[in-house]
2 protein chains.
Amino acid sequence: MRLSRFHLATVKEVPADAEIASHRLMLRTGMIRKLAAGIYTWSPLGLRVLSKVEGVVREEMNRAGALELLMPSIQPKELWEETGRWEKFGGQLLKIKDRKDASYCYGPTHEEVITDYARNELRSYKQLPVNFYQIQTKFRDEIRPRFGVMRAREFLMKDAYSFHLTQDCLANEYRNMYDTYGRIFTRLGLKFRAVQADTGAIGGNASHEFQVLADSGEDAIAFSTGSDYAANIEMAEAVAPGAPRAAAMQALERVATPTQKTIDEVTAFLGVKPSQCVKTILVRGNDGLVALCVRGDHEVNEVKAAKLAELPGESMLADEAEIVRATGTKPGFIGPAGLPDSIPVIVDRSAAALADFVCGGNQDGTHYRGANWERDARITRVADIRKVVEGDPSPDGQGTLKIARGIEVGHVFQLGDKYAQALGATVLDDAGKAQVMQMGCYGIGVSRIVAAAIEQNHDDAGIIWPEPMAPWRVAVCPIGAAQNAQVREEAEKLYDELAARGVDVLLDDRGLRPGPMFADIELIGVPHRIVVSERGLAAGTFEYRRRGESENRSLSRDELARLFA
Amino acid sequence: MRLSRFHLATVKEVPADAEIASHRLMLRTGMIRKLAAGIYTWSPLGLRVLSKVEGVVREEMNRAGALELLMPSIQPKELWEETGRWEKFGGQLLKIKDRKDASYCYGPTHEEVITDYARNELRSYKQLPVNFYQIQTKFRDEIRPRFGVMRAREFLMKDAYSFHLTQDCLANEYRNMYDTYGRIFTRLGLKFRAVQADTGAIGGNASHEFQVLADSGEDAIAFSTGSDYAANIEMAEAVAPGAPRAAAMQALERVATPTQKTIDEVTAFLGVKPSQCVKTILVRGNDGLVALCVRGDHEVNEVKAAKLAELPGESMLADEAEIVRATGTKPGFIGPAGLPDSIPVIVDRSAAALADFVCGGNQDGTHYRGANWERDARITRVADIRKVVEGDPSPDGQGTLKIARGIEVGHVFQLGDKYAQALGATVLDDAGKAQVMQMGCYGIGVSRIVAAAIEQNHDDAGIIWPEPMAPWRVAVCPIGAAQNAQVREEAEKLYDELAARGVDVLLDDRGLRPGPMFADIELIGVPHRIVVSERGLAAGTFEYRRRGESENRSLSRDELARLFA
């Protein structure tokens with residue numbers, strides 16, 4: 001591409017609401033332009049990148065045996081009522097009425113449509129397994145769209161849905177998709193982790209998120225220094241300490257802590273470490289309050305807590321009135337020792353390993369010192385109910401955990417029969433009996449990948465694209481071409497040679513001075529820059545620089561040829 | 001592709017509302033499945049074809065120097081109000097409210113969005129000319145969606161918009177796009193005509209439609225047998241007869257035609273030919289009624305009539321009461337001879353060349369015989385106001401006209417400054433003065449092309465794809481592979497060889513009997529079929545048949561290799 005025939009419109013100023021690097025850089029490079037809240041036009045520059053990502057996703061999905069189709073964006077209400085999601089999906093569902101007053105939505109996802117397609121198309125187990133995918137525009141009416149295309153309302157998604165006779169077959173395809181996603185993100189040149197994820201409201205048996213690592217990421221993930229273990233922080237198991245609980249050495253002693261309610265206040269006042277304290281949280285259980293006990297340096301993990309049998313599927317803190325009514329004590333002074341018998345005490349594994357600990361005194365203005373489990377405090381059950389922290393042992397026994405930030409760009413789910421059951425999607429098995437199909441679903445945020453890649457790969461000068469998604473791989477930059485015919489001709493020759501070799505090359509023939517020209521080429525993140533100058537030609541060399549490096553190299557034509565062989 | 005790993009689901013029965021061949025065949029092959037009225041899922045088979053069409057369109061648009069971008073499908077009301085089309089576009093505009101009660105539409109076209117983009121991005125004449133295009137899903141809320149994807153509500157379109165400083169520059173790009181469209185439809189293997197079209201409500205200076213020829217087409221087009229002249233029938237010029245008007249030979253004579261009102265009745269009664277009669281239509285003019293006179297064997301062309309200065313931009317027939325009031329005569333007996341002076345008489349060129357003609361007597365129950373222009377009947381103006389008929393001379397003087405049916409698949413327009421003016425899209429010219437940009441727009445109905453191609457290319461057995469849009473180019477069909485290892489191995493070998501050579505080949509490894517297998521392969525329209533059979537192998541040959549031909553050919557492996565070199 002000759003840049004003079006392209007539409008490149010970089011800008012210096014960006015709106016103040018562009019809070020993160022990718023949003024700012026996509027606006028500065030002109031990759032996107034806002035049309036309305038959360039709705040963007042992808043410029044020719046932006047679309048070049050988006051299309052490259054799309055291309056890699058398509059190639060790997062095809063290689064994995066998935067079949068591409070294209071479902072409509074506009075979906076009838078009746079279908080969404082069959083799964084109950086017309087009401088349950090919430091405000092993100094953009095509802096529409098047509099000229100005949102029939103109700104539709106702009107598809108935020110396609111479980112309903114694909115399952116309807118499958119129940120009509122798939123009749124026999126012989127047609128299974130099959131995995132249908134599409135790369136298509138979706139709409140979710142985010143209440144607060146922001147971060148550019150990172151959380152847009154209209155966005156490009158790859159969504160795949162597989163159908164199976166058995167759970168084993170589903171598990172196989174799940175593994176196939178898991179591996180395929182790994183290949184996709186590896187090919188795209190991204191640093192990522194596949195993490196165990198909570199299946200949340202979508203339900204099903206297993207789920208992994210693919211997270212692009214970036215400090216600005218919204219999600220926290222825990223990963224091992226010694227293995228490839230990684231999990232969403234909500235899911236990472238906090239294992240029991242290796243050493244058994246020490247024997248009780250101290251006697252139980254009530255101490256006055258008149259105004260000390262928080263762990264920080266209590267530990268400072270009593271001169272103990274937070275890891276020697278037990279923190280007690282009262283939540284609403286199925287049948288009265290439930291006490292959750294973790295070490296003073298740990299936090300309750302609400303996702304884990306919500307799954308306790310004693311809780312109603314969610315973890316809701318009791319309010320002060322409820323606490324006082326159930327215990328006679330104000331929040332801040334509650335502890336497991338001497339708590340009414342009616343309150344189950346669920347103790348985290350690490351807290352359960354403590355001896356001679358500090359905890360609330362169940363009497364306003366007091367704490368206990370020298371408390372011990374069994375002797376002083378009842379344990380209803382030991383369970384993993386805390387968030388992991390850096391330095392925790394990895395659940396797979398190899399290495400310790402570190403915490404990183406990530407941006408979710410992919411998600412694979414084993415849905416089981418949730419949608420197939422609701423929509424009556426069955427096939428006949430080999431005995432001629434109707435069986436509800438097992439389903440998996442597999443999403444990739446294609447447009448979000450572009451933003452995530454920038455979050456992970458940029459510097460003060462602009463974007464540093466991984467090669468597979470760069471708008472061009474190489475930029476040829478002539479200096480003073482207007483004044484020097486040899487420079488112009490050599491630049492053209494080099495451009496033609498690289499293009500003929502299939503290299504995706506850009507010739508900056510706009511006639512700019514070196515400063516603004518280099519600034520643009522760095523801003524838009526072209527991985528390789530080759531400068532053609534009078535001085536270089538006199539020495540028989542070209543000045544080469546890899547984007548992200550600070551050193552130029554003088555390369556001969558042969559050396560350049562080898563670089564882009 | 002191995003067919004056993006594909007999802008092919010052909011069906012025998014199609015719904016009764018599938019009225020045309022393409023709709024029936026797309027349902028029978030399973031290319032599309034209806035989700036709601038005018039809303040279809042493209043199956044893996046259908047999408048293969050759609051993607052090939054899309055690929056050709058993209059390649060040729062890129063080659064022509066157009067720049068691909070991607071605009072949103074959801075567009076804000078405010079922008080449509082700037083051009084006045086929020087109200088004017090009519091019921092096809094699907095209006096939407098989001099969760100914050102802001103109004104949007106699902107884009108049926110993108111003039112507003114691209115002009116908004118251009119007014120922000122384009123500042124200087126140095127950035128011009130530029131042609132932006134996208135291939136994107138559109139929605140038009142058709143009141144009566146039908147014919148499958150031929151007139152769907154959700155459909156895939158390529159829309160391009162060019163921006164220019166001058167009309168000359170616009171005319172150049174218009175020619176470039178006209179030529180590009182020719183290349184696209186030629187490459188796709190379609191028989192088509194580029195026809196002059198009415199610019200209609202979109203306005204502007206010039207417009208051509210690209211029509212795929214098919215008997216089922218909704219549009220009538222006139223084309224020359226002696227040149228490449230072609231025009232939409234509304235636009236085709238009816239030229240004046242070569243010979244001058246003959247001298248008057250007969251005297252004017254009033255004859256009683258008590259019940260004869262139509263041309264058929266009058267000519268039968270008086271024993272003259274329709275081409276010797278003048279038919280007179282009274283329409284509503286700017287200032288009272290206007291008479292339009294055409295030969296008895298011709299029809300008034302309403303599009304041409306609407307452009308007459310005497311008419312208010314549309315051609316509306318006067319009703320009986322108006323006619324009686326203005327002439328004292330009932331419809332059926334009106335003629336140019338003796339018509340009140342207040343009524344202008346616009347005479348078609350062919351009618352104006354008549355002498356001694358029959359026409360209405362302007363007295364109930366009578367006609368004139370031996371009428372002559374000037375002597376008996378006033379001519380206000382001679383104009384081209386009729387529809388052309390087969391056998392008319394071509395307006396370019398070469399050959400005569402034939403009439404064909406066509407399906408509109410592309411349309412190019414010179415919009416001029418209509419949208420740029422409304423949205424204030426200006427650039428600075430070389431004198432630093434703001435100039436409203438000139439625009440062109442260029443559409444292709446990508447999904448409609450698929451249906452149009454089928455209308456043009458099918459037989460009783462199914463679709464006959466032009467090679468460039470076939471789902472696969474070649475099908476390898478082994479007979480009795482389950483029983484004969486050699487057949488199986490040779491089929492696999494042939495499949496592998498063709499695939500390795502880059503041929504888009506299908507191996508039908510489903511193990512069907514020849515009848516159902518061939519029926520499927522013919523139905524889905526694969527251009528080349530190669531049968532591998534025990535008998536053929538014994539003779540060292542393969543049975544080859546071109547789709548659409550009735551003869552098999554026995555080809556050796558070498559001959560096959562040459563066929564797909």
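Sequence order as written defines residue numbering, which begins from 1 separately in each chain. Chain letters and ligand numbers both follow the written order, the letters beginning at A and the numbers at 1. Confidence filtering applies because this is a predicted model: local features only for residues at pLDDT of at least 70, side-chain atom pairs given and counted only at 80 or more, and all residues used for totals across whole chains, interfaces and linings. In computing side-chain values, all of the structure's heavy atoms are included and hydrogens and water are not.

Under an unreviewed UniProt entry, the name given to chain A is Proline--tRNA ligase, and the source organism is Dokdonella fugitiva. UniProt annotates chain A under Subcellular location (unreviewed entry) with the comment "Cytoplasm". Taken directly from UniProt, the Catalytic activity (unreviewed entry) text for chain A runs: "tRNA(Pro) + L-proline + ATP = L-prolyl-tRNA(Pro) + AMP + diphosphate". UniProt positions are given in the numbering used here, feature names are shortened, and annotations may be inferred rather than shown by experiment.

*Asks:* Pulling in residues and values, what's your account of the pairing of strand E23 (residues 438–445) of chain A?
*Replies:* Residues and elements named next belong to chain A. Burial classes follow relative accessibility: with a 1.4 Å probe on protein chains only, a residue under 20% of its type's maximum area counts as buried, one over 50% as exposed, and anything between as partly exposed. Helix and strand assignments come from DSSP, with helices taken as H or I runs of at least 4 residues and strands as E runs of at least 2, each series counted from the N terminus. Burial runs high along E23: eight of the eight residues are buried. Here E23 shows two buried faces, one formed by Gln438, Gly440, Tyr442 and Ile444 and the other by Met439, Cys441, Gly443 and Gly445. DSSP calls a pair of strands paired once it identifies at least 2 bridges connecting them. Judged from the eight bridges that link them, strand E8 (residues 154–164) and E23 form a sheet pairing that is antiparallel. Note that in E23 the partner of alanine 160 across the bridge is tyrosine 442. Sheet topology note: the strand E20 (residues 401–416)/E23 ladder contains six bridges and is antiparallel. Its bridge partner being in E23, histidine 411 is matched across the sheet by glycine 443.

*Asks:* Could you give me a rundown of the environment of alanine 291 of chain A, with the residues and numbers involved?
*Replies:* Relative to the assigned elements, alanine 291 of chain A resides in strand E15 (residues 288–295). Residues alanine 291 of chain A and isoleucine 334 of chain A lie 43 residues apart in sequence; the distance between their C-alpha atoms is 9.2 Å.

*Asks:* I'd like a description of the relation of the copies chain A and chain B, backed by residues and values.
*Replies:* Here the copies are superposed with least squares, the fitted atoms being C-alpha atoms of residues at a pLDDT of at least 70 in both. Relative to chain B, chain A is turned by 180° and slid 0.0 Å along the rotation axis, the superposed coordinates differing by an RMSD of 0.1 Å. Seen this way, the second copy is the image of the first under a two-fold rotation axis. The position closest to the rotation axis in chain A is occupied by the C-alpha of isoleucine 96 of chain A, lying 2.8 Å away. The contact criterion used is simple: two residues touch if any of their non-hydrogen atoms lie within 4.5 Å. A share of 100% of interface residues in chain A that are also interface residues in chain B marks the association as one of identical surfaces.

*Asks:* Could you give an account of the sheet that holds strand E18 (residues 366–371) of chain A, naming the residues involved and the relevant values?
*Replies:* Residues and elements named next belong to chain A. Strand order in this open sheet of three strands is E13-E18-E17, and the pairing throughout is antiparallel. The outermost strands of the open sheet, each flanked by one partner alone, are strand E13 (253–256) and strand E17 (357–360). Between one strand axis and the next, the sheet turns by 30° as a mean value, whatever way the strands run. In the sheet, E13 pairs with E18 via four bridges, with the strands oriented antiparallel. Directly across from arginine 254, in E18, lies its bridge partner tyrosine 368. Angles shown run from 0 to 180 degrees and are taken between the N-to-C directions of axes, each axis being a line fitted to C-alpha atoms and, for helices, limited to the stretch in contact.

*Asks:* Would you mind going over the state of the cysteines in detail, with residue names and values included?
*Replies:* Put simply, a disulfide is two cysteine sulfurs that come within 2.5 Å. Here the structure, examined in full by the defined rule, presents zero disulfides over all chains. No disulfide involves cysteine 293 of chain A; its sulfur sits 8.1 Å from the nearest other cysteine sulfur, which is in cysteine 359 of chain A.

*Asks:* Quick one: what's the story with the interface of chain A and chain B, residue by residue and with numbers?
*Replies:* With 51 residues of chain A in contact, the opposing surface of chain B contributes 51 residues. The buried area of a pairing is the accessible area, by a 1.4 Å probe, that goes missing from both parts when the two are put together, added over both. Interface area, chain A with chain B, both sides summed: about 4200 Å², of which 62% is carbon and sulfur. Counting the surface chain A buries against chain B, the share from its top three residues, His7, Leu35 and Arg99 of chain A, is 16%. Within this document, salt bridges are pairs made up of a side-chain nitrogen of Lys or Arg and a carboxyl oxygen of Asp or Glu, the two lying within 4 Å of each other. Between chain A and chain B we count four salt bridges in total. Glutamate 121 of chain B is the salt-bridge partner of arginine 33 of chain A, the closest N and O atoms lying 2.3 Å from each other. Residues adjacent in sequence count toward polar contacts only when both atoms are side-chain atoms; beyond that, a polar contact is any pair of N or O atoms within 3.5 Å, and within protein one must be able to donate a hydrogen and the other to accept it. Our count for the contact surface shared by chain A and chain B stands at 22 residue pairs in polar contact (both at pLDDT 80 or more).

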